[in-house]
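# Structural characterization, general
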Amino acid sequence: MATLTLAEAKFRARLLQVHGVAVVLDLGAREGFTSRTTIVFDASETGAVFVDFKGRELTSATLNGEPVNLALWDGERLPLAVHSGKNTLVVTGTMAYSNTGEGLHQQLDPADGRVYLYATSFLDNAPRWFACFDQPDLKAPYTFDIVTPPDWVVVGNAPASESSPGRWHIGPTQPLATYFVSIAAGEWEYRSRDHGGTKLGLLARRSLAAELEREADDIFQVTAQCFDAYQRLFDVPYCFGDYHQIWAPDFPAGAMENPGCVVLRDQMLFRGTPTDMERASRAAVIAHEMAHMWFGDLVTMRWWDDLWLNESFAEYLGHRIASDATRYELWTEFNLVRKNWGIAADQLPSTHPVAGNGAPDAQAALANFDGISYAKGAAILRQLAATLSDHVFITGLNAHISGHRFGNATFGELLDAWAVAGPVDVYAFSKAWLETAGVDLLAAHVVAGEPVIAQFPPAGRPPVARTHHAAAITLPGGLLVPDVFGMSWARVFPAGGEWPRIGDVSDERIRVSLYNAIRDGVRNIGRHPVGSDWETWVSVPTALRRICEGLPGESHERILQVMLRFAADLAGEWSPPAVRASRRAQVAKLCRALLAEPDPSGDRRVIIFRVLVTVTDSIAELTDWLDGIDLPGGISLDPELRWATLTRLVTLGGDSDAITAELTRDDTASGQEHAAGARAAIPTVAAKAKALRLLLEPSDLRGYELGAVASHLFLPEHTALTDPLLREWFAGINGVAAFQEGWMLAQVAKASFPYANASEETLELAIKTLDGDLDPRIRRVLGDCTDTLRRMTAAHIG
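This section reports on the structure supplied with the text.

Definitions and limits used
- Residues numbered from 1 in each chain as written.
- Predicted model: local features only at pLDDT ≥ 70, side-chain atom pairs only at ≥ 80, totals over all residues.
- Heavy atoms only, no water.
- Pairing = 2+ DSSP bridges.
- Helix = DSSP H or I, 4+ residues; strand = E, 2+ residues; numbered from the N terminus.
- Axes fitted to C-alpha atoms, helices over the stretch in contact; angles between N-to-C directions.
- Core = buried A, V, L, I, M, F, W, Y, C linked by side-chain atoms within 4.5 Å.
- Buried < 20%, exposed > 50% of the residue type's maximum accessible area, 1.4 Å probe, protein only.
- Contact = heavy atoms within 4.5 Å.
- Salt bridge = Lys/Arg side-chain N within 4 Å of Asp/Glu carboxyl O.
- Parallel < 35°, antiparallel > 145°, perpendicular 65-115°, else oblique.
- Left-handed = near helix turned anticlockwise from the far one by under 90°.
- Nonpolar A, V, L, I, M, F, W, Y, C, P; charged D, E, K, R; others polar.
- Expected span 1.5 Å × (residues − 1).

### Some points on the sheet that holds strand E8 (residues 103–108)
Here we have 4 strands laid out as an open sheet, ordered E8-E9-E14-E11, and antiparallel in their pairing. Each of the sheet's edge strands pairs with one partner strand only, and the pair in question is E8 and strand E11 (153–156). On average, each strand axis in the sheet is inclined to that of its neighbour by 10°, with strand direction left out of account. Inspection of the sheet shows strand E9 (residues 115–120) paired to strand E14 (residues 183–186) by 3 bridges, in the antiparallel sense.

### Thoughts on the nonpolar core
Ranked by internal contacts, the top residues of the largest apolar core, which has 162 residues, are Leu27 and Tyr230. Top element by residues in this core is helix H2 (residues 209–233). It accounts for 11 residues. What tyrosine 230 contacts, discounting residues up to four positions off in sequence, is Ala287, Met290, Ala291, Trp294, Leu317, Gly318 and Ile321. Residues Val481, Leu544, Ile559 and Leu692 belong to the second largest nonpolar core, which totals 110 residues.

### Things to note about the pairing of strand E26 (residues 490–493)
Residues of E26 alternate between two faces, with Ala490 and Val492 on one and Arg491 and Phe493 on the opposite face, all of them buried. Two elements, strand E22 (residues 440–447) and E26, share 4 bridges in a ladder whose sense is parallel. Across the sheet, residue alanine 443 finds its bridge partner in E26, namely phenylalanine 493.

### Examining the pattern of salt bridges
All chains considered together, the criterion is met by 44 salt bridges. A salt bridge links arginine 777 to aspartate 775, with the nearest nitrogen and oxygen atoms 2.9 Å apart. Counted as one network, the salt bridges with shared partners bring together Arg214, Glu215, Asp218, Arg279 and Arg282.

### Side note on the packing of helix H8 (residues 390–404) against helix H9 (residues 411–421)
How two helices pack is summed up by the angle between their axes together with the distance between the axes. Following both chains from N to C, one finds H8 and H9 inclined at 130°, their axes separated by 8 Å at the closest point. Here H9 runs oblique to H8, going by the angle between their axes. Here H8 runs over H9; the crossing is right-handed. Of the residues in H9, those touching H8 at Val392, Phe393, Thr395, Gly396, Leu397, His400 and His404 are Glu413, Leu414, Ala417, Trp418 and Ala421. Grouping the constituent residues of the contact of H8 with H9 by class yields 7 nonpolar, 4 polar and 1 charged.

### Details of H8
In a regular helix each residue adds 1.5 Å, so 15 residues correspond to 21 Å; H8 covers 21 Å between its end C-alpha atoms and thus fits that length. Within the sequence span of H8, burial applies to Val392, Phe393, Ile394, Gly396, Leu397, Asn398, His400 and Ile401. Buried residues belonging to H8 abut H2, strand E20 (299–301), helix H4 (307–325), helix H7 (371–388), strand E21 (407–409) and H9. Once H8 finishes, phenylalanine 406 follows within two positions and takes phi at roughly 65°, a positive value.

Function cannot be read off these values alone, since they describe shape.
So this is what it looks like as structure tokens:
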């Protein structure tokens, strides 16, 4: 697989200026589609260049009316000999639909047989559905003429019009980078509302029409509130026409910011009983993607090494705008979920600076698409806004956007805009916080009878002069908590006194800091700070005790959910097999106690019960629940809870024939996904061997089904059964790179990694595999997973 290099991109950008792209698609057949692309461009001189095209068959190509030698096409690139001045290229081919959410994805909904298509061009998937010069700095306006069956709905990056049944036209659009060109077409359920002259649209599968109807008011309200807030924040108004949000099946990422045609996972329509907390998380995603309309879409990075800037800004502004403009407060979630994700990523072998990574090619940039690019970048931008003052921060940002609208820019140019806007040395700030990797530790300790806070650099890296503006507080009992409100990018270890019952701490920000310290302490069992013998970790039994003592009475439902799930994880992979059952029983006891609290809200009951289902070891209880017997008050089993209950039942050795019966009851895309996971969870040699083959060999499973199989292969309850499969998994996982790519490749490797089988022997196998010849994409995933495995193995001993 070819990947565009920085050198190739620079050459094409110097040589070419693209004036317009016209795409004609015939989507009338289910087996594939035809694509004809006309690209009008200027070349600064006569020379050789290539166009990107990843079709099934290249049927014709002409340049300035002359045939191009099709034999030169290698399946991905077609060489061209362009002449100085205006050129017109026409490329026609037959194309394959995708089943992984990349390129032009097709789903035939098993619920009703209806057809749904949506296009994902990120990162280098645009050539899978139209020919193009695929790089972010060759922007151009697009038009689309699309033939579809007569009853379809079509939307894209500009308003779509239907001249006659099944004949659609879109565009011309504003100048777009290839990676966010998109359409959606099919038998979609459609809702729209006008908001100040801008059409807001929602699309979902018709089998989710009831869920869309239930959630539409909240989605439209959040969208409108965020839209107005961004219009007030930015000097340049929204300029991409309609604003559609496509709630799409099988989408491999959380969402994609295609201008005016945003694609989001349709799980966020919630087939199960939605909680207010889940709607708040969805609001964060809506606000995040909308931020990209300005930062990322209107102004786009020149090369992929600045991709972090798109995501860090959207992450920061999404939480800021949603918290300020909607009913959902999201900074607690940011510190508890997103920041914890980023701090964990910043301690892995693959850690990297937020900025300045200098990706030599597109795929190398994608490898750094992680918790550092999102959460760390967002947290440090929040620090920067406080350092500069919000006025200077926004003034510089607006100057940058206004100066580069519809074009491309670099991080250096943004720093220049901030430098002009205010007196703070943004270059020094960037060097310290954005251009160096790793996270400092702020640890409390008792020295000569007095609690003190010390700052330690990340292990294995040279110290960096970073000043942490972090408040500290001493709690009753003498516990000193550094960075108590989570405003600095740092690990935190409280010490110096007795830990309180965390639930008694009134400020939820402090509770989050304490729970984050517990999680980080578990991840670092046995690891001393640089140059110190201080014990800045938390054993698994201590962590479980503090969580079980602290959660009763917890008022913030996101804290309750995250820490209950972490407790379940502690009772699983983070514990040696001999004590897992007893620790699951400890977590189950906590869940039952929480359900017994007087008058818990409906949302709270659902959150607790979802975790209880994963830790109960009673087949009889699970069977009764599936039959509607002895369910906790206020709980009813929606389709998602039924599958969770059934999968747990099967995991424990219950009736696996019930999977087929449940799939008959819920023969939907989601039902098929859950059934695939449940079959992989059957505790038999044959079932595990089949699941392993599905991962290590090509199959027809959709991406979500493969992910479900991967996450149910190695389970904490099945280590004796799956230990014999470890050598085959480690020997075969690198081969997956031959037939999977992009998000799906990483998903299969990460989700199926045998954490549940953590032991010195498994760690030795992982290290030996890393010593071999590996695809770079697999090497990175295995390197990080092996580091986590090493931490889990230490936790078993400690």
